[in-house]
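Analysis of the macromolecular model
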Amino acid sequence: MISADRTSENEIDLAMLWRGLRRRLPWILGPALLLALMTFFWSRGQPLVYESTASLIAANNQGQDSTLGTALVKAPPLPEGAVAEALQSLQVISPLAQSLRAAEDITATERERLVMDLTRELREQRLRTVTLTSRLDLGGNGIYTLRARARTPEAAQQLANLTSTALLTWDRSRALDNLRRAQAGFQAQLAQVDQQVQTSGLSTVERQTLIARRANIQGNLIQTQLLEGSVAGVLSMLAPAVAPLDPVSPKPLRNAVLAGLLGLLLAIGVVTLLTVIDRTIRTEDDLLSLGQPTLAVIPRLRQRDILLSGIVRAARQAGLYEAIGFLRVSLLTALSGQAHPVVMITSTAPGEGKSSLTATLADGFASSGQRVLIIDADLRRGTQAAVWQKFNEQGRWRPLNLNSVGGSRTTHEALFAPHTAEVLEVERNVDMLPAGPGLQDSLAVFNQADLRAALDFWRRDYDVVLIDSAPLLALADGLVLGAHVDAVVMVTEHGRTSAQIVRAALRRAERAGLKIVGFVINKSDAREGNSYGYSYSHAPRTKINL
């Protein structure tokens, strides 16, 4: 039985999950809307950013020069990732920064900002002001796209073009490095030949040979010098940048929508988790596994109405008649055949509304013409006197039994002298025996008093006796008193009382021999549709002309 209860408790009910989401809907929509608004206004406050693009083409399969070879005409082929690495090097960024400082089309403030951003990003090795993407084939041939961002369209265009120029200069310098190394080699050979020609003792043939060789080396050196102006790298300009019309960021509406959706998903996740782990009593389904029926679901009263007019009058004005009617009918059905029943109203812990429910139930019985006696048996902290105070501040004391001599006006005193008890008439057909001053050792009173005799004597003149008892898990008073009553009604607070606590209270009640007839879900939220209600409407007849 316990394992089955635990299994059903661990199952996720989609209906329960939907109710939890609907109940916490303000906590879902509120943070998401707030996050969206904050993101929207934050985005609107950010400076505009424009983006311009320039394209470079890479051709690694250039034609070769028949005289001096490939190394003297073109740069070596570019391996994969070489251009991206070069873009994040001093060889490209330093000339780019110098070119930016000399660009007169860009404002001085924007120039300094771009230079500072490029310098910082170079140190971080993560460029964001200028970025590079490529579409290459297996041979390294393809297109490189440069994207430059700035706060004005002209600055973005200039930055993209200057970056393209810096990359082309870097690529061309690779080919020039080969030519210059060749020139250095030819110059070294020429110096060696000149040294040999000046050597004495050379024959005429040897001298003529060295002179011819010297002429050949000089010719090659002149050719390398002539090629400096015509050598090109692997990269070449494909499409220069143009000034953009619209900024790429910020986009307040898009950012707000994305932030709102993210906040909504996070809020739904948190609320779903809270709903899954929430084991508090909210509906009748939450009590099905406990094996006891739910007698009624009582809506929550507004605290303002309670403070102004008291619980009983507030209950009447709030329209709890239907809910109390359900409770009265269910209780009488469970006690069918029992004359002058004694019913104990209890709960698992303080603050769940057992005292207010006892008062409103007594008022419901009295409205149907039945005489009711309320006994406040919470001797530690009696509350019935305070509950009825605002409703009837001028109550009339009278002997509980017409044949008895009055004198005991508290439950504590009346339990030891039932025949001398006096009750307070709080309304027509409703009498109340208050608990009196709080007692520290209340359990001793119930253990020493003859509870059976007192209750049998008091019930004679009343149709129903309602006992407001201490919570079962707070004190043992209710366990002792409940063994002498005809029925016990346990009050649970909507959204506060957990199923685990109710099980603990039920185990104690079963061991003490209490007759639990059902539960009452108190302080229910009417928006969740768990409470009872019925309304009437009237519409005037409309005259139809035939």
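First, a word on what this report is: a plain description of the structure on this page. (Residues numbered from 1 in each chain as written. Predicted model: local features only at pLDDT ≥ 70, side-chain atom pairs only at ≥ 80, totals over all residues. Heavy atoms only, no water.)

Thoughts on the overall build of the chain
The helix and strand inventory of the chain stands at 19 helices and 13 strands. For the chain, buried positions account for 45% of its 546 residues. Within the chain, contacts between residues separated by at least 24 positions form 81% of all contacts whose residues are at least 6 apart in sequence. In the structure as shown, the chain presents an accessible area of about 29,200 Å², 55% of it carried by carbon and sulfur atoms. (Helix = DSSP H or I, 4+ residues; strand = E, 2+ residues; numbered from the N terminus. Buried < 20%, exposed > 50% of the residue type's maximum accessible area, 1.4 Å probe, protein only. Contact = heavy atoms within 4.5 Å. Areas by Shrake-Rupley, 256 points an atom, 1.4 Å probe, with all protein chains shown as cover.)

Considerations on the sheet that holds strand 11 (residues 464-468)
The sheet built from nine strands is open, its strands ordered 5-13-12-6-11-7-10-9-8 with mixed pairing. At either end of the open sheet lies a strand with only one pairing partner, and these are strand 5 (294-299) and strand 8 (396-399). For this sheet, the mean inter-axis angle between neighbouring strands, taken without regard to orientation, is 25 degrees. Two strands pair when backbone bridges link them, and strand 6 (residues 342-347) and strand 12 (residues 487-493) are joined in this way by five bridges, in the parallel orientation. Looking at the pairing, Val343 lines up with Ala487 of strand 12. The strands touched by helix 13 (residues 354-367) are strand 5, strand 6, strand 7 (372-376), strand 9 (422-427), strand 10 (430-433), strand 11, strand 12 and strand 13 (516-524); relative to strand 11, the strand with the most contacts, the crossing angle is about 170 degrees. (Pairing = 2+ DSSP bridges. Axes fitted to C-alpha atoms, helices over the stretch in contact; angles between N-to-C directions.)

Digging into the packing of aromatic side chains
The geometry of an aromatic ring pair is captured by two quantities: the separation of the ring centres and the angle between the planes. A complete count under the given rule lists one aromatic pair for this structure. Consider the rings of Phe40 and Phe41, whose centres lie 5.4 Å apart with planes at 80 degrees: the pair is edge-to-face. Residue class for Phe40 comes out partly exposed when judged on its relative accessible area of 23%. Judged by relative accessible area, which is 54%, Phe41 ranks as exposed. In this structure, Arg174 is placed above the aromatic ring of Trp170, and the distance from its NZ or CZ to the ring centre is 5.5 Å. (Phe/Tyr/Trp six-rings, centres within 6.5 Å; stacked < 30°, edge-to-face > 60°. Lys NZ or Arg CZ within 6 Å of the ring centre and 35° of its normal.)

Re the side chain of Gln384
Counting through the fold element by element, Gln384 comes out in helix 14 (residues 384-389). Owing to a relative accessible area of 0%, Gln384 belongs among the buried residues under this scheme. Those residues in contact with Gln384 that sit more than four places away from it in its chain are Ser355, Thr358, Ala359, Ile374, Asp376, Met432 and Asp468.

Quick look at the nonpolar core
The biggest cluster of nonpolar side chains holds 43 residues, and the ones touching the most others in it are Leu373, Leu415, Trp458, Ile467, Met490 and Leu514. With residues near it in sequence (within four places) discarded, Leu373 still touches Leu400, Val423, Asp431, Met432, Trp458, Tyr462, Val464, Val465 and Leu466. Listed in part, the 38 residues of the second largest apolar core include Ile298, Val312, Leu424 and Val520. (Core = buried A, V, L, I, M, F, W, Y, C linked by side-chain atoms within 4.5 Å.)

Remarks on the pattern of salt bridges
Tallied over the entire structure, the rule returns 18 salt bridges. When the shortest N-O distance is used, the salt bridge between Asp171 and Arg174 registers 2.6 Å. Linking Asp171 with Arg174, this pair stays in helix 7 (residues 153-197), spanning three residues, or about one helical turn. Note on Asp171: relative accessible area 0%, which makes it buried. Judged by relative accessible area, which is 16%, Arg174 ranks as buried. Note that Arg396 is salt-bridged to Glu425, the shortest N-O span being 2.6 Å. (Salt bridge = Lys/Arg side-chain N within 4 Å of Asp/Glu carboxyl O.)

With respect to the sheet that holds strand 1 (residues 50-58)
With antiparallel pairing, the four strands of this open sheet are ordered in space as 2-3-1-4. Among the strands making up the open sheet, the edge pair consists of strand 2 (130-136) and strand 4 (235-239). Ignoring which end each strand starts from, the neighbouring axes of this sheet average 30 degrees apart. With nine bridges connecting them, strand 1 and strand 3 (residues 142-150) associate as antiparallel partners. Residue pairing for strand 3: Ser55 is matched across the bridge by Thr145.

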